[in-house]
Amino acid sequence: MKAPRVTLDQWRTLQAVVDHGGFAQAAEVLHRSQSSVSYTVARMQDQLGVPLLRIDGRKAVLTEAGGVLLRRSRQLVKQASQLEDLAHHMEQGWEAEVRLVVDAAYPNARLVRALTAFMPQSRGCRVRLREEVLSGVEEVLLEGVADLAITGLSIPGYLGAELSDVEFVAVAHPEHPLHRLNRELNFQDLETQMQVVIRDSGRQQPRDVGWLGAEQRWTVGSLATAASFVSSGLGFAWLPRHMIERELKEGTLKLLPLDQGGSRNPSFYLYSNKDKPLGPATQILVELLRTFDTAPLDAPFAAPEQA
């Protein structure tokens, strides 16, 4: 890769000349001599082979080429400054990245709010979000490739912070044979119908969760696929209510009138990697996840302005 001929300091000098209206003003802001500032800009023009400034009376004015290059240079200087800040924060123990694994049934609205609030506080720390189902979350945490985990399962040997419940409801298409019975349903009614279940993404000890007494069972890879199948008339399933509110309102899904077990509310928990101390960025994200976990899903929310 060809080494750049112009340094970041030279670009900063040009910006100061333009922003403050001249060489003398830039020299005062930069705490340098006027001759040093003039030489820096002249040297830039020689190195680039393009005139950047012209003198109009007593004021330095950008040429057309200078205007284009200056606009591009501002982003370059800003990125370099952010990189230096990140290195400084890392030296103080600030993480470069937080790895978060979440069960797919956990409401995305809560994650979006927490991560949006985290962004202006992140100091350049990235978030790597991974979505798993059931024991897949536990496996990722135990393998050490996650710093934080949100799951509805209890993980042995870990102390989790309790989060809100997630309501799962039994549903089928309004024209499904179960709804045509026009009465309260029991588990015997379900046994002759097809149940749609979501595949556990864990590999070592995958689990089945929810009633599985149906003679016929189809297994799909995601909650979204399960909702699509069931709303098209293929079987019945227990699905997170927050994911299917629209289908329930539009009438493509309808709650099954079970005499018991039509709704279940497993608690979710926030776990951290016990083999790795929480860094300052991770601690901030933990507090935000817990704070926004309690907010109503339909509450109005405005993203903070970016700095």
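Quick caveat: nothing in here was measured; it's all calculated off a predicted structure.

What to know about the nonpolar core
Here comes step 1: Ranked by size, the top nonpolar core spans 55 residues in total, and within it Ile150, Leu239, Leu256 and Leu289 carry the most contacts.
Here comes step 2: Among the elements that make up this core, the one with the highest residue count is helix α11 (residues 280-293) (six residues).
Here comes step 3: With near-sequence residues (within four places) excluded, leucine 289 lies in contact with Leu100, Leu111, Ala114, Leu148, Ile150 and Leu270.
Here comes step 4: Residues Val6, Ala26, Leu52 and Val77 belong to the second largest nonpolar core, which totals 16 residues.

Quick word on the sheet that holds strand β3 (residues 97-103)
Here comes step 1: If you trace the five strands from one edge of the open sheet to the other, you get β4-β3-β5-β13-β6, paired in mixed fashion. Whereas interior strands pair on both sides, the edge strands pair on one side only; in this sheet they are β4 (126-132) and β6 (161-165). Between one strand axis and the next, the sheet turns by 20° as a mean value, whatever way the strands run.
Here comes step 2: In the packing of helix α5 (residues 108-118) onto the sheet, the strands contacted are β3, β4, β5 (148-151) and β6, and the crossing angle to β4 comes to about 170°.
Here comes step 3: Docked against the sheet, α11 engages β3, β5, β6 and β13 (267-272), running at close to 20° with respect to β5.

Some details on the confidence of the model for the protein chain
Here comes step 1: Averaged over every residue, the pLDDT of the protein chain is 87; residues scoring 70 or more account for 90%.
Here comes step 2: The spread of mean pLDDT over the elements of the protein chain runs between helix α4 (residues 64-91), the lowest at 76, and β5, the highest at 97.

With respect to the pairing of strand β7 (residues 168-172)
Here comes step 1: Across the five residues that make up β7, a large majority, five, are buried.
Here comes step 2: On β7, burial covers both faces: Phe168, Ala170 and Ala172 on one face and Val169 and Val171 on the other are all buried.
Here comes step 3: Here β7 pairs with strand β10 (residues 236-240) via five bridges, running antiparallel. Bridged to alanine 170 within β10 is tryptophan 238.
Here comes step 4: As judged from the two bridges shared by β7 and strand β12 (residues 263-264), these two strands associate in the antiparallel manner. Looking at β12, one finds that valine 169 is bridged to serine 263.
Here comes step 5: As judged from the two bridges shared by β7 and strand β11 (residues 254-255), these two strands associate in the antiparallel manner.

So, empty space enclosed by the protein
A water-sized probe, rolled over the atoms, reveals where empty space remains.
Here comes step 1: Tallied over the full model, the rule gives two cavities of 30 Å³ or more.
Here comes step 2: In this structure, the largest cavity occupies an estimated 40 Å³ of space.
Here comes step 3: Taken together, Glu95, Asp147, Asn273, Lys276, Pro277, Leu278, Gly279 and Thr282 make up the full set of residues lining the largest cavity.
Here comes step 4: Along the lines of polarity and charge, the residues of the lining of the largest cavity split into two nonpolar, three polar and three charged.
Here comes step 5: Lining the second largest cavity, in full, are Arg130, Glu132, Gly136, Glu139, Val140, Glu143, Ser201 and Arg203.
Here comes step 6: Mapped onto the lining of the second largest cavity, the elements with two or more residues apiece are β4 and α6 (135-142).
Here comes step 7: Ranked by residue count, the leading element in the lining of the second largest cavity is α6, at three residues.
Here comes step 8: Here the lining of the second largest cavity is built from residues that sort into one nonpolar, two polar and five charged.

Topic: the packing of helix α1 (residues 8-20) against helix α2 (residues 23-30)
Here comes step 1: Running from amino to carboxyl end, α1 crosses α2 at an angle of 120°, the nearest separation of the two axes being 8 Å. Classified by the angle their axes make, α1 and α2 are oblique. Taken as a pair, α1 and α2 cross one another with a handedness that is right-handed. Side by side, α1 and α2 meet where Thr13, Ala16, Val17 and His20 of the first sit next to Phe23, Gln25, Ala26, Val29 and Leu30 of the second.
Here comes step 2: Residue classes in the contact of α1 with α2 are distributed as six nonpolar, three polar and no charged.

About the criteria used
- Residues numbered from 1 in each chain as written.
- Predicted model: local features only at pLDDT ≥ 70, side-chain atom pairs only at ≥ 80, totals over all residues.
- Heavy atoms only, no water.
- Core = buried A, V, L, I, M, F, W, Y, C linked by side-chain atoms within 4.5 Å.
- Buried < 20%, exposed > 50% of the residue type's maximum accessible area, 1.4 Å probe, protein only.
- Helix = DSSP H or I, 4+ residues; strand = E, 2+ residues; numbered from the N terminus.
- Contact = heavy atoms within 4.5 Å.
- Pairing = 2+ DSSP bridges.
- Axes fitted to C-alpha atoms, helices over the stretch in contact; angles between N-to-C directions.
- pLDDT = per-residue confidence, 0-100.
- 1 Å grid on protein atoms, 1.4 Å probe; cavity = no way out; pocket = protein on both sides within 12 Å on 5 of 7 lines; lining within 4 Å.
- Points joined across faces, edges and corners; volume = space filled by probe spheres on them.
- Nonpolar A, V, L, I, M, F, W, Y, C, P; charged D, E, K, R; others polar.
- Parallel < 35°, antiparallel > 145°, perpendicular 65-115°, else oblique.
- Left-handed = near helix turned anticlockwise from the far one by under 90°.

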